[in-house]
Amino acid sequence: MQRPLGGMLVVDLTRYLPGAFATLELQRLGARVVRVEQPGGDPMRRTSPEWHDALNAGKESVVCELPAEGAFARSLLARADVVLESFRPGVAARLGVGPDEAPASAVYCSITGFGLGGRHEQRAGHDLNYLGWAGVLADTAPALPPVQAADLAAGALGAVTEVLAALVARGRTGNGARVVVSMTHGSHKLAPGAPVLTHGFACYSIYACGDGRWLTVGALEPKFFARICELVDRPELAERQYAVEQTELKAALAAVFSRQPLHHWLQLFEGEDVCVGPVATPAEAAAEFAEAAPGPAPAVGEHTADWRRELGL
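These remarks concern the structure in this document. For clarity, every value in this text was computed on a predicted model and none was experimentally measured. (Residues numbered from 1 in each chain as written. Predicted model: local features only at pLDDT ≥ 70, side-chain atom pairs only at ≥ 80, totals over all residues. Heavy atoms only, no water.)

## Let's talk about the overall build of the protein chain
The line we're drawing: In this description a helix means any DSSP run of H or I spanning at least four residues, a strand means any run of E spanning at least two, and both kinds are numbered starting from the N terminus. Only protein chains enter the accessibility calculation, which uses a 1.4 Å probe; a residue is then buried when its area is under 20% of its type maximum, exposed when over 50%, and partly exposed in between. Any two residues whose heavy atoms approach within 4.5 Å at even a single point are treated as in contact. Accessible surface area values rest on a Shrake-Rupley calculation with a 1.4 Å probe, where residue burial reflects the displayed protein chains alone. Counted as positive: Lys and Arg. Counted as negative: Asp and Glu, with His and the chain ends omitted from the count. Think of each charge as sitting on NZ of Lys, CZ of Arg, CG of Asp or CD of Glu.
For the protein chain, the helix and strand inventory stands at 13 helices and nine strands. Taking all 313 residues of the protein chain together, 42% fall into the buried category. Contacts in the protein chain between residues far apart in sequence, at least 24 positions, make up 72% of those at least 6 positions apart. Of the roughly 16100 Å² of accessible surface on the protein chain, 56% is carried by carbon and sulfur atoms. Mean positive and mean negative side-chain charge positions of the protein chain (27 and 35 charges, respectively) differ by 7 Å.

Dropping the structure here:
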């Protein structure tokens, strides 16, 4: 694992999911992350403690009541290479930790719901609202999305992308940057103009197996779909892959997959050049793909005294 951000300090002023995920990624790339928490800690400690602990493993925590203890927070900002905040626009400045309080060499990133300016700037919202405004849910409502794409993709990973780009520029110029990320604007970029993959193609669908488990089929290329049809002894179905009428084709495949349990189909397709897979349980997915945590999540304010001593406060 490369650690290109080794030696850099990230000061995390955010609350809830987007900022925590963003700084976890920066930490994974080598940065030291210190979270500035309100008395009592990030609300996510109470609303979703398991998620909190996973997202904040290996980070440091200081408690700072803003704006009363603004001097403490500003001393941290003075040491920062990167600062992240997720208040509504203007709040960080009122609390004494706005972009003007960070050094010119720092990358100061604000994760917002709707960006700066415009009629939605001060609108309250969460992931579901941003996705709705962005048009992402048009094909699937009223079903809830399985992943918070506005928080995690548009917000967190969008912030990471902008921060890393700004750090590359700083390496050339020595100058930091002031970056604003809009979760709604970023989510809108994720919504394709013609979302064909949600329009019911049989070759791109999820099928029930005989044991109640589910099989994913993502065989968009004709060669993949043709091979699937051959392996399930229905080769004649391949020529109908992109027919206008998909209902009968999908029903035919559904009938096939319902005859055997999931493990049968996974064994059949193992080693074949086809796009299929299981709908894994969280435990199954974690066993195969989860990375080791970089350490335990910190207790609220665990590192406050250490940082006060280091800063001479």
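## Notes on the environment of lysine 189
With respect to the helices, strands and loops of the structure, lysine 189 is situated in helix α8 (residues 183-190). Take lysine 189: its relative accessible area is 73%, and that puts it in the exposed class. For the pair lysine 189 and alanine 154, spaced 35 residues apart in sequence, the C-alpha separation works out to 8.5 Å.

## Quick look at the side chain of aspartate 42
To keep it simple, the criterion reads: Whenever two N or O atoms come within 3.5 Å, that pair is a polar contact, provided that in protein one can donate a hydrogen and the other can accept it, and provided that, for residues adjacent in sequence, both atoms are side-chain atoms.
Here aspartate 42 shows up in the loop between β2 (32-37) and α2 (44-47). Within polar-contact distance, the side chain of aspartate 42 engages the backbone nitrogen of tyrosine 16 at 3.2 Å. A distance of 2.9 Å separates a polar side-chain atom of aspartate 42 from the backbone nitrogen of methionine 44. Look past the residues within four positions of aspartate 42 in its chain and what remains in contact with it is Thr14, Arg15, Tyr16, Arg35 and Glu37.

## Concerning the pairing of strand β7 (residues 204-208)
Stated formally: Two strands are counted as paired when DSSP detects at least two bridges linking them.
Burial along β7 is one-sided: Ser205 and Tyr207 are buried, and none of Tyr204, Ile206 and Ala208, which face the opposite way, are. Relative to strand β8 (residues 214-218), β7 runs antiparallel, the two being bridged by five bridges. Opposite isoleucine 206, over in β8, you have threonine 216 as the bridge partner. The turn linking β7 back onto β8 is made up of five residues, and glycine 212 within it adopts a positive phi angle of 85°.

## Quick notes on the pattern of salt bridges
Two side chains with opposite charge may pair up if their charged atoms get near one another. The condition is simple: For salt bridges, the criterion is a side-chain nitrogen of Lys or Arg within 4 Å of an Asp or Glu carboxyl oxygen.
Per the counting criterion, the structure on display carries 15 salt bridges. With a closest N to O distance of 2.7 Å, arginine 35 and aspartate 42 form a salt bridge. Neither residue differs from the other here; arginine 35 and aspartate 42 are each classed as buried. Of the charged contacts in the structure, one is a salt bridge between glutamate 310 and arginine 79, with a shortest N-O distance of 3.1 Å. Within this pair, whereas glutamate 310 is found in helix α13 (residues 304-311), its partner arginine 79 is found in helix α4 (residues 70-79), the two being separated by 231 residues in sequence.

## Section: the nonpolar core
Side chains of nonpolar character tend, in soluble globular proteins, to be buried together. Quick reminder of the rule: Nine residue types can take part in a nonpolar core, namely buried Ala, Val, Leu, Ile, Met, Phe, Trp, Tyr and Cys, and a core is a set of them joined through side-chain atoms within 4.5 Å.
Leu26, Val82, Leu84 and Cys109 are the most contacted members of the largest nonpolar core, which totals 27 residues. Counting residues per element, the ones that place at least two in this core are α1 (16-28), β4 (82-85), β5 (107-112), α6 (127-134), α7 (149-173) and β6 (177-182). For cysteine 109, the contacting residues outside a window of four places in its chain are Val83, Leu84, Glu85, Ala159, Val163, Val179 and Val181. Formed by 24 residues, the second largest nonpolar core is a distinct cluster that contains Phe72, Ala80, Val83 and Trp307.

## Some points on the packing of aromatic side chains
We apply this condition: Here the aromatic set is Phe, Tyr and Trp, taking the six-membered ring for Trp, and pairing holds for ring centres within 6.5 Å; pairs whose planes are under 30 degrees apart are stacked, those over 60 apart are edge-to-face, and all others are tilted. Only when the NZ atom of a Lys or the CZ atom of an Arg is both within 6 Å of the ring centre and within 35 degrees of the ring normal do we say a charge sits over the ring.
Under the criterion given, the structure shown has six aromatic pairs. Aromatic pair tyrosine 207 and phenylalanine 257: ring centres 5.2 Å apart, planes at 45°, arrangement tilted. Taken together, the residues tyrosine 207 in strand β7 and phenylalanine 257 in helix α10 (residues 247-257) connect sequence positions 50 residues apart. The pair formed by tyrosine 207 and phenylalanine 257 is uniform in burial state, with each residue classed as buried. On the basis of an interplanar angle of 25° and a centroid distance of 6.4 Å, the ring pair of tryptophan 265 and phenylalanine 269 is categorised as stacked. Here tryptophan 265 and its partner phenylalanine 269 are both found in helix α11 (residues 262-269), four residues apart, which amounts to about one turn of the helix. Judged by relative accessible area, which is 5%, tryptophan 265 ranks as buried. Members of the aromatic cluster, connected to one another through ring pairs, are Tyr207, Phe257, Trp265 and Phe269. Stacked on the ring of phenylalanine 72, the Lys or Arg arginine 308 has its end atom at 4.2 Å from the ring centre.

## Some thoughts on a nonpolar patch on the surface
The condition is simple: Residues with no salt bridge and a relative accessible area higher than 30% make up the patches, which join like charges within 9 Å and nonpolar side chains (Val, Leu, Ile, Met, Phe, Trp, Tyr) within 5 Å.
A surface patch of nonpolar side chains, about 270 Å² in accessible area, is lined by Ile206, Trp214 and Val279. Tracing the sequence through the fold places isoleucine 206 in strand β7.

## Some remarks on the packing of α1 against α7
To be explicit about the condition: Structural elements are reduced to axes, namely lines fitted to C-alpha atoms, with helices fitted over the stretch in contact, and the angle between N-to-C directions of any two is expressed from 0 to 180 degrees. In this scheme, roughly parallel covers angles under 35 degrees and roughly antiparallel covers those over 145, while 65 to 115 is roughly perpendicular and the rest are oblique. By definition, any crossing whose near helix is turned counterclockwise from its far helix by less than a right angle is left-handed, and any crossing with a clockwise turn is right-handed. Residue polarity is assigned by list, with Asp, Glu, Lys and Arg as charged and Ala, Val, Leu, Ile, Met, Phe, Trp, Tyr, Cys and Pro as nonpolar; anything else, Gly included, falls into the polar class.
At a minimum axis distance of 8 Å, the contact between α1 and α7 shows a crossing angle of 45°. Classified by the interaxial angle, the pair formed by α1 and α7 is oblique. In the crossing of α1 with α7, the sense of the turn from one axis to the other is right-handed. Side by side, α1 and α7 meet where Leu17, Pro18, Phe21, Ala22, Glu25 and Leu26 of the first sit next to Asp151, Leu152, Ala156, Leu157, Ala159, Val160, Val163 and Leu164 of the second. Of the residues assigned to the contact of α1 with α7, the class counts are twelve nonpolar, no polar and two charged.

## A few points about the sheet that holds β8
Strands sit in the order β7-β8-β9 across an open sheet of three strands; the sheet is antiparallel. If you trace the sheet from one side to the other, it starts and ends with β7 and β9 (276-278), each paired once. The mean angle between the axes of side-by-side strands here comes to 20°, regardless of whether they run parallel or antiparallel. Packed on one face of the sheet, α10 meets β7 and β8 and runs near 40° to β7.

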